[in-house]
Amino acid sequence: AQSVTQLDSQVPVFEEAPVELRCNYSSSVSVYLFWYVQYPNQGLQLLLKYLSGSTLVESINGFEAEFNKSQTSFHLRKPSVHISDTAEYFCAVRRANFGNEKLTFGTGTRLTIIP
Amino acid sequence: DTGVSQNPRHKITKRGQNVTFRCDPISEHNRLYWYRQTLGQGPEFLTYFQNEAQLEKSRLLSDRFSAERPKGSFSTLEIQRTEQGDSAMYLCASSHSGRNTEAFFGQGTRLTVV
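On a predicted model such as this, the values are computed, not experimentally measured, just so you know.

The rules we used
Residues numbered from 1 in each chain as written. Chains lettered and ligands numbered in written order. Predicted model: local features only at pLDDT ≥ 70, side-chain atom pairs only at ≥ 80, totals over all residues. Heavy atoms only, no water. Helix = DSSP H or I, 4+ residues; strand = E, 2+ residues; numbered from the N terminus. Rg over C-alpha atoms; globule rule 2.2 N^0.38 Å. Buried < 20%, exposed > 50% of the residue type's maximum accessible area, 1.4 Å probe, protein only. Contact = heavy atoms within 4.5 Å. Areas by Shrake-Rupley, 256 points an atom, 1.4 Å probe, with all protein chains shown as cover. Disulfide = S-S within 2.5 Å.

Engineer: I keep staring at the overall build of chain B and nothing clicks. Help me out?
Structural biologist: Scanning chain B from terminus to terminus reveals 0 helices and 11 strands. Its helices and strands taken in sequence order, chain B reads β-β-β-β-β-β-β-β-β-β-β from the N to the C terminus. Computed over its C-alpha atoms, the radius of gyration of chain B comes to 13 Å, within 12% of the 13 Å expected for a compact globule of 114 residues. Considering only C-alpha atoms, chain B reaches an extent of 40 × 25 × 25 Å along its principal axes. Relative to its 114 residues, chain B shows a buried fraction of 46%. Of the contacts made within chain B by residues no fewer than 6 positions apart, 53% connect residues no fewer than 24 positions apart. When the accessible area of chain B is evaluated, it comes to approximately 5,800 Å², of which 43% is carbon and sulfur surface.

Here is the structure:
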């Protein structure tokens, strides 16, 4: 089985400051990794994913995450945040090299941007 | 295609009543998933279908819960004899069954049991 730990439940950041949201996972098999974003009273939107290849993956709105196998981490970063980034962010894993299967999520990190 | 659609968006029900939620996946997706999200937690897997076959059910899915996907298109999730602990957001997602694909989520149905 897989598990995900998001170490920070809430992260307040000033606008235009950098941010890092931490994610660690545990698995006995290879995994794919995902970051989803959830705005209030909305479903989840995929932000970025790591399946294979380059360990650094980027999203279209300036977020990036790096897969670190030795540290079993997939931390999410953004060099300069905007008010619109205020949301809850979930890290998730699923088994690699299988058909699309269930995701295991962390408990989420609420990112609050301070003007 | 407008994505994964869930109805209703909100449901308030009295304890002991039955409720049913509907999910319409993205049309070409053959896999459909149900998750439950309680306040302050991440989504937890409930069950998934490939076409009309229900391939896995979580132990979270008690006997009061039943899910169907007739004809491999839309799906329904029914909760019988609702309890206050059933209050949560119920999320539906769909995907292809290929290896390198992603799941797309609907906006969820928020259930409040009073």
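Read on for the rest.
Engineer: Would you explain the state of the cysteines in this entry?
Structural biologist: In a disulfide, the sulfur atoms of two cysteines are held together by a covalent bond. As enumerated under the stated definition, the model contains 2 disulfides over all chains in all. Linked covalently through their sulfurs, cysteine 23 of chain A and cysteine 91 of chain A form a disulfide whose S-S length is 2.0 Å. Since a negative S-S torsion denotes a left-handed disulfide, the cysteine 23 of chain A-cysteine 91 of chain A link at about -65 degrees is left-handed. A residue pair is termed long-range when its members are at least 10 positions apart, and cysteine 23 of chain A in the loop between strand S3 (19–21) and strand S4 (24–26) and cysteine 91 of chain A in strand S10 (residues 87–95) qualify at 68 residues. Here the two residues cysteine 23 of chain A and cysteine 91 of chain A agree in accessibility, since each one is buried. Covalently, cysteine 23 of chain B is tied to cysteine 92 of chain B through a disulfide, its sulfur atoms 1.9 Å apart. Judged by the torsion about the S-S bond (-70 degrees), the cysteine 23 of chain B/cysteine 92 of chain B disulfide is left-handed. With cysteine 23 of chain B in strand S3 (residues 19–24) and cysteine 92 of chain B in strand S9 (residues 88–95), the pair connects residues that are 69 residues apart, well separated along the chain. With respect to burial, cysteine 23 of chain B and cysteine 92 of chain B carry one shared label: buried.

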